[in-house]
Amino acid sequence: MNYISTRGGMAPKSFSEILLEGLASDGGLATAEHYPEVTEAELEVWRFLPYAELAFEVIRKFATDFAPARLRGLIQKTYTARTFGTVEITPLVPLGEELALLRLSNGPTLAFKDIAMQLLGHLFEDALLESGGELNILGATSGDTGSAAEYAMRGKSHIRVFMLSPHGRMSPFQTAQMFSLTDANIFNIAIEGVFDQAQDVVKAVSADRGFKERQHIGTVNSINWARVTAQVVYYFKGYFAATRSNTERVSFAVPSGNFGNIYAGHIARMMGLPIARLVCATNENDVLDEFFRTGVYRVRSASETRQTSSPSMDISKASNFERFIFDLLGRDPKRTRELWDELEEKGGFDLSATPEFRGLAERFGFVSAASTHAVRIASIRQTLAETGVLVDPHTADGLYAARRFQRAGEPMIVLETALPAKFAATIEEAIGRAPERPPALADLETLPQRYVVLPAYAKAIKEYIARQTGIA
Ligand SMILES: *Cc1c(COP(=O)(O)O)cnc(C)c1O
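This write-up is about the structure you can find in this document.

Cut-offs applied
Residues numbered from 1 in each chain as written. Predicted model: local features only at pLDDT ≥ 70, side-chain atom pairs only at ≥ 80, totals over all residues. Heavy atoms only, no water. Helix = DSSP H or I, 4+ residues; strand = E, 2+ residues; numbered from the N terminus. Rg over C-alpha atoms; globule rule 2.2 N^0.38 Å. Buried < 20%, exposed > 50% of the residue type's maximum accessible area, 1.4 Å probe, protein only. Contact = heavy atoms within 4.5 Å. Near = heavy atom within 4 Å. Polar contact = N/O pair within 3.5 Å; in protein donor to acceptor, adjacent residues only side chain to side chain. Areas by Shrake-Rupley, 256 points an atom, 1.4 Å probe, with all protein chains shown as cover. Nonpolar A, V, L, I, M, F, W, Y, C, P; charged D, E, K, R; others polar. Pairing = 2+ DSSP bridges. Axes fitted to C-alpha atoms, helices over the stretch in contact; angles between N-to-C directions. Core = buried A, V, L, I, M, F, W, Y, C linked by side-chain atoms within 4.5 Å. Right-handed = clockwise from strand over helix to strand, strands pointing away. Salt bridge = Lys/Arg side-chain N within 4 Å of Asp/Glu carboxyl O. Parallel < 35°, antiparallel > 145°, perpendicular 65-115°, else oblique. Left-handed = near helix turned anticlockwise from the far one by under 90°.

Some remarks on the overall build of the protein
Here comes step 1: Counting its secondary structure elements, the protein contains 21 helices and 15 strands.
Here comes step 2: Over its C-alpha atoms the protein spans a radius of gyration of 21 Å, differing by no more than 12% from the 23 Å that the globule rule assigns to 472 residues.
Here comes step 3: For the C-alpha atoms alone, the extent of the protein along its principal axes is close to 60 × 55 × 50 Å.
Here comes step 4: For the protein, buried positions account for 57% of its 472 residues.
Here comes step 5: Look at the contacts in the protein between residues 6 or more apart in sequence, and 74% of them connect residues 24 or more apart.

Okay, here's the thing in C-alpha cells:
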C-alpha cells in the first residue's frame, strides 16, 4: 500500500515514510493510493476478534511495510485493559431503542484522542529504535490533543515533547493534566498569549527548515495518517457490537472539528463496512455543517471563530477535509489543487452546482447538523433523564445530531469523544452538580506542576528547544 498526495505532486511513499508527516511535499495531504477492501469472509472472522486483534487486521492493510509480527506486538502493547479501562477497549452502551454510545474516552486523558495517540507512541518509539534517530515533537494545544500526545509519549526513549499552550487559558483540569507530568522527556511551555499565538509560533518554528531538520522536529496533529488509521478500527468494533449479522446497516454520529474522526468512518465505509450514514455534528462553528447542507465551503477567520462550551470543536477550517473532497471529486488531484488554490485566494469554494455535490449524501452517506449552547445543555439533560448516562458537551452535540437523523430499522451509534469530568462547568450548568471523576484523578489539581512560561516569539522557543536537546 502506497500513499499519494491529494494534489498529485508527491512520489508514492510507504506507511513508515509518512508516519511523521500528514502533509505531502506539494502542500496537499497524504492519502492511501486506494482504500483496501474488506471481504465478507473477513468480516465474518473479524466480528469475533478482541480489540487488539481486530486493530491488527485493520491496520496491517494500511501499514504494509511493517513486519506483521512486529506490528501485532506494538498493537497488543497499546490496547490493554490497563490503559483503556476495559477488555473491550471501546464498549458499546445502549441508550435506548436503536441508539447507542460507543465509549472511546476511557484512556489516560479521558478523550478519544488517546486511542490513536497511544498507538502512535509505540509506533514512533519502534521506528526510532530501528533507525537510531530521535524525534522532538512540537505542538500547540488548547486542551485535548496536547495532553493525549504527552501521555502517549511520556517515558518513551528517543522522543521529547514540546507542547505550547496559552498561559492561564485552559481549564484547571486540563492544565493540571498536562503540567503534572514530571517525565524528563515532557516539556510544557505556557505561552504568554492566546492559542492562535501559540499555534503561530509553532508554524514559525516549523517554517525554519534548517532548525527543523537539525532538531528533528515532528508533529502529531490531526492530519497524521497513522492517527486516522487507528481510528478506523473502532468503527468496525462498534458495528460488530451493535449488530448480529453483517447484512445489517448502522449509522454513526460523530462530534466533529478537524474532520479526523469522521473521516476515519468514511474510510471504514469505503472499505466495505455496512455503514448507512455518517452524521457530522458541529457546534456553533459550523463550517462543515454549512458545506454538507449547501455545497459551499467557507473557512472562518479567527475573529469569526467562536469560543463555545464544546471547545474541542471550535475550528475555523477542518484540516482533514481535503482528503474527503479528493474522494468526492473522483480522486482528481488537479481539481483538488484548483479548489485549494481558490480557497487560499478567496477563502472558500462552491460545489453546489456540481453533480458530485448533488450525489454526495447518496454516495457517501454524509448528513450534518449544528448545535448551540442551549441545545447542548438540553441534550446533556435529556440524555441523563432518559438513560441515566451523563455525557460530555461534545458527545451531547453528537447525540443531538443523532436524534435528528435517526430512522427506524437502522441503529445509530454516537461516538463519545470525551468524558464529562473534563468539562465540569458546563455539566454543572446542565444538571446542577459536578460530574464524577475517575478516582485516580481525584487530587489532580493539587499535584506539583512542571512548566515554563515563555513569550510568544519563535526565537525564544527555538532557544529553549536547543537548550534541552543540546543540539546547537
Ligand atoms: C478532537 C475532538 C473532537 C473533534 O475531532 P476531529 O477529529 O477533530 O473532528 C471532538 N470532541 C473532542 C472531545 C475532541 O477532543
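Description of the site of the ligand
Here comes step 1: Among the 15 residues in the neighbourhood of the ligand, the closest are listed as Lys113, Asp144, Gly257, Asn258 and Asn261.
Here comes step 2: Within the side chain of Asp144, one N or O atom sits 2.6 Å away from an oxygen atom of the ligand.
Here comes step 3: Gly260 places a polar main-chain atom, nitrogen or oxygen, 3.2 Å from an oxygen atom of the ligand.
Here comes step 4: Computed on the free molecule, the ligand has an accessible area of 380 Å², of which 96% lies beneath the protein chains in the complex.
Here comes step 5: For the shell around the ligand, the class distribution of residues is five nonpolar, eight polar and two charged.

Here's the deal with the environment of Ile262
Here comes step 1: For Ile262, the position within the fold is in helix α12 (residues 260-271).
Here comes step 2: In the structure, Ile262 is positioned 119 residues away from Gly143 in sequence and 20 Å away in space, judged by C-alpha atoms.
Here comes step 3: Ignoring any residue separated from it by four or fewer positions in sequence, one finds Ile262 in contact with Tyr235, Val254, Ser256, Leu278, Val279, Cys280 and Phe366.

A look at the sheet that holds strand β13 (residues 366-370)
Here comes step 1: Within the open sheet, the six strands sit side by side as β3-β4-β14-β9-β10-β13. Their pairing is mixed. Strands with a single pairing partner mark the edges of an open sheet, and in this sheet they are β3 (92-96) and β13. For this sheet, the mean inter-axis angle between neighbouring strands, taken without regard to orientation, is 25°.
Here comes step 2: Bridging between β3 and strand β4 (residues 99-103) involves four bridges; their strand directions are antiparallel. Residue pairing in the sheet places Val93 in a bridge with Leu101 of β4.

Considering the nonpolar core
Here comes step 1: Formed by 105 residues in total, the largest nonpolar core has its most connected members in Tyr79, Tyr235, Phe236, Phe291 and Ile325.
Here comes step 2: Ranked by the residues each element gives to this core, the list is headed by helix α11 (residues 225-242), at 11 residues.
Here comes step 3: Sequence-distant contacts of Tyr235, that is, excluding residues within four places in its chain, are made with Phe252, Val254, Asn261, Ile262, Ala264, Gly265, Ala268, Leu273, Ile275, Leu278 and Leu415.

Some thoughts on the pairing of strand β5 (residues 135-140)
Here comes step 1: For β5, the tally of buried residues reaches five of six residues, placing the bulk of the element in the interior.
Here comes step 2: Alignment of β5 against strand β6 (residues 159-166), held across six bridges, turns out to be parallel. Each bridged residue has a counterpart across the sheet, and for Ala140 the counterpart in β6 is Leu164.
Here comes step 3: Traced from β5 through helix α7 (residues 144-153) to β6, the parallel crossover comes out right-handed.
Here comes step 4: Here β5 pairs with strand β8 (residues 217-218) via two bridges, running parallel. Opposite Ile137, over in β8, you have Gly218 as the bridge partner.

Some details on the pattern of salt bridges
Here comes step 1: Following the criterion strictly, the structure yields 25 salt bridges and no others.
Here comes step 2: Across the salt bridge formed by Asp126 and Arg70, the nearest N and O atoms sit 2.6 Å from each other. Taken together, the residues Asp126 in helix α6 (residues 113-131) and Arg70 in helix α4 (residues 68-78) connect sequence positions 56 residues apart.
Here comes step 3: Linked through salt bridges whose partners overlap, the residues forming this network are Asp286, Glu290, Arg298, Arg300 and Glu304.

Points about the pairing of strand β14 (residues 412-416)
Here comes step 1: Burial of β14 is extensive: five of the five residues sit out of reach of the surface.
Here comes step 2: Where burial is concerned, the two faces of β14 agree: the one with Met412, Val414 and Glu416 and the one with Ile413 and Leu415 are both buried.
Here comes step 3: Relative to β14, β4 runs parallel, the two sharing five bridges. Bridging from a neighbouring strand, Leu102 pairs with Leu415 of β14.
Here comes step 4: Here three bridges tie strand β9 (residues 250-255) to β14, and the two strands are oriented parallel to one another. Within β14, the position partnered with Phe252 by the bridge is Ile413.

Description of the side chain of His266
Here comes step 1: The topology assignment puts His266 in helix α12.
Here comes step 2: For His266, a relative accessible area of 0% puts it in the buried group.
Here comes step 3: Ignoring anything within four residues of it in the chain, the contact list for His266 reads Tyr35, Leu278, Phe324, Asp327, Phe364 and Phe366.

Focus: helix α3 (residues 51-60)
Here comes step 1: Counting buried positions over the 10 residues of α3 gives nine, a clear majority of the element.
Here comes step 2: All buried positions along α3 are accounted for by Tyr51, Ala52, Glu53, Leu54, Ala55, Phe56, Glu57, Val58 and Ile59.

Some words on the sheet that holds strand β15 (residues 452-455)
Sheets are built from strands paired through backbone hydrogen bonds, the pairs being either parallel or antiparallel.
Here comes step 1: Strand order across the open sheet formed by five strands is β8-β5-β6-β7-β15, with parallel pairing between neighbours. Only two strands of the sheet have a single neighbouring strand rather than two, namely β8 and β15.
Here comes step 2: On the sheet, helix α21 (residues 458-469) packs against β5, β6, β7 (186-192), β8 and β15 and is oriented at approximately 155° with respect to β6.

Structural notes on the packing of α7 against helix α8 (residues 172-179)
Here comes step 1: At their nearest, the axes of α7 and α8 sit 9 Å apart, and the two run at 25° to each other. In this view, α7 runs roughly parallel relative to α8, as classed from their interaxial angle. As for how α7 packs across α8, the hand of that crossing is left-handed. Residues Asp144, Gly146, Ser147, Glu150 and Tyr151 of α7 pack against Gln174, Gln177 and Met178 of α8.
Here comes step 2: Partitioning the contact of α7 with α8 into residue classes produces two nonpolar, four polar and two charged.

Any functional reading would require information beyond the geometric quantities listed.
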